[in-house]
Amino acid sequence: MISMDLTGKVAMVTGAGGGIGSALSLDLAGLGADMVLTCQSSRKKCEELAKQIEAMGRKVCVVQGDISHPEDCARMVEEGTAYHGKPIQILVNNAGFFYDVVPLIEMSDAQVSKTIDINLKGTMYMSREVCRRIVDAGLPGRVVNISSGAGHSGRVNFSNYCASKAGVLGLTRAMALELAPKHINVNSVSVGYVEVGRWEGDEGKDAVRANIIPRILLRRPGEPRDISRMVCFLVSECGDWITGSDFKIDGGESCGRVPFQD
Ligand SMILES: NC(=O)c1ccc[n+]([C@@H]2O[C@H](COP(=O)([O-])OP(=O)(O)OC[C@H]3O[C@@H](n4cnc5c(N)ncnc54)[C@H](OP(=O)(O)O)[C@@H]3O)[C@@H](O)[C@H]2O)c1
């Protein structure tokens, strides 16, 4: 019988207060994992999420920091490990930043750095801290890095974001090679267009929808749980023989041109 039970494991989700991060946190807890939720500015939202997770009978703590700062990453992982009294064995590097939308030739140094520092370097820092402790404890582990369709193909005015998410794909492969002998499986999920809270009230949302949805074979935007279900699969025993792979969860958007009209 297939089991996706995570009872007894501690899972950390970065950016747990965000749209996809909230779904990831609830679904991993729903499979039995005790949780470490990381936030930067959404502490209140994470604390509300933690209450829901506690009501499921799980242990959960909220840790706060900026993943682009290595010392914050070390502290957050230490706090989560100390709270649970055992290593974090499942890490989902979900936190991401994509707001500096500007042509490369107009991009400031800060706009180049910020996106790379959060999306790529932050993923490296968190992975380093969590995997070090898993290896020291001699336990198996799982890491899922959240990338994007923008890591596979270009997007106008998103060169910083595209580069950061392509970097996450390369990082995933290198981590998989280094960590397989230590029994840590590392994969990435490349996310398509998923509507999350930050779109609410956004006047651009209708234009984005009109542009993107015709390209999605399954003809709807993604929901956060479309992503979390794939991550749950990978970190459960279903993912025992999967490492170094990337999974595009995008309703079929990346598979080719759509020749038909509704
Ligand atoms: N939604 C989509 O269509 C889509 C498409 C492709 C890829 N993705 C990827 O999916 C992931 C989740 O995105 P989302 O759509 O759920 O976005 P979201 O709702 O904006 O969530 C992003 C999260 O990242 C956290 N974060 C940002 N900068 C941080 C920093 N410096 N340190 C710590 N945490 C930081 C935020 O934390 P606080 O709120 O606590 O500040 C926030 O919770 C991202 O990696 C994104 O690139 C999303």
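Residues numbered from 1 in each chain as written. Predicted model: local features only at pLDDT ≥ 70, side-chain atom pairs only at ≥ 80, totals over all residues.

On to the sheet that holds strand β2 (residues 34–39), then. Read across the sheet, 7 strands follow the order β3-β2-β1-β4-β5-β6-β7 without closing on themselves; strand pairing throughout is parallel. Of all the strands in the sheet, the pair left with one neighbour each is β3 (60–64) and β7 (246–249). For this sheet, the mean inter-axis angle between neighbouring strands, taken without regard to orientation, is 20°. Of the strand pairs in this sheet, strand β1 (residues 10–13) and strand β4 (residues 90–93) are connected by 3 bridges, and their pairing is parallel. Residue pairing across strands places M12 opposite L91, the latter belonging to β4. (Pairing = 2+ DSSP bridges. Helix = DSSP H or I, 4+ residues; strand = E, 2+ residues; numbered from the N terminus. Axes fitted to C-alpha atoms, helices over the stretch in contact; angles between N-to-C directions.)

Moving on to the packing of helix α3 (residues 70–84) against helix α4 (residues 109–137). Two elements in contact, α3 and α4, have axes whose closest approach is 9 Å; the angle formed by their N-to-C orientations is 40°. Handedness of the α3/α4 crossing: right-handed. Contacts from P70, C73, A74, V77 and T81 in α3 reach Y125, M126, E129, V130 and R133 in α4. When grouped by side-chain class, the residues that make up the contact of α3 with α4 number 7 nonpolar, 1 polar and 2 charged. (Left-handed = near helix turned anticlockwise from the far one by under 90°. Contact = placed C-beta atoms within 7 Å. Nonpolar A, V, L, I, M, F, W, Y, C, P; charged D, E, K, R; others polar.)

This paragraph deals with the nonpolar core. A11, L28, M35, L37 and V231 are the most contacted members of the largest nonpolar core, which has 57 residues in total. Sort the elements by how many residues they give to this core and α4 lands first, with 7 residues. With near-sequence residues (within four places) excluded, L37 lies in contact with V13, A16, S25, C46, L49, A50, V60 and V62. (Core = buried A, V, L, I, M, F, W, Y, C linked by C-beta atoms within 7 Å. Buried ≥ 20, exposed ≤ 12 C-beta atoms within 10 Å, placed from the backbone.)

Residues in contact with the ligand amount to 28 residues; listed here are only the nearest, G15, G18, Q40, S42 and G96. Taken together, the elements giving at least two residues each to the shell around the ligand come down to α1 (19–30) and β5 (141–148). At 3 residues, α1 tops the list of elements feeding residues into the shell around the ligand. Residue classes in the shell around the ligand are distributed as 12 nonpolar, 14 polar and 2 charged. (Near = placed C-beta within 6 Å.)

Turning our attention to helix α2 (residues 43–55). With 13 residues, α2 ought to run about 18 Å at 1.5 Å a step, and its terminal C-alpha atoms sit 18 Å apart, in line with that. Looking only at α2, the buried set comprises C46, L49, A50 and I53. Take α2 and look down its axis: the buried residues cluster within an arc of 110°, on one side only. Across from the buried face of α2, at angles greater than 90 degrees, the exposed residues are K44, K51 and A55. Contacts from the buried residues of α2 go to α1, β2 and β3. (Expected span 1.5 Å × (residues − 1). Arc of directions from axis to C-beta.)

By themselves these figures say nothing about function.
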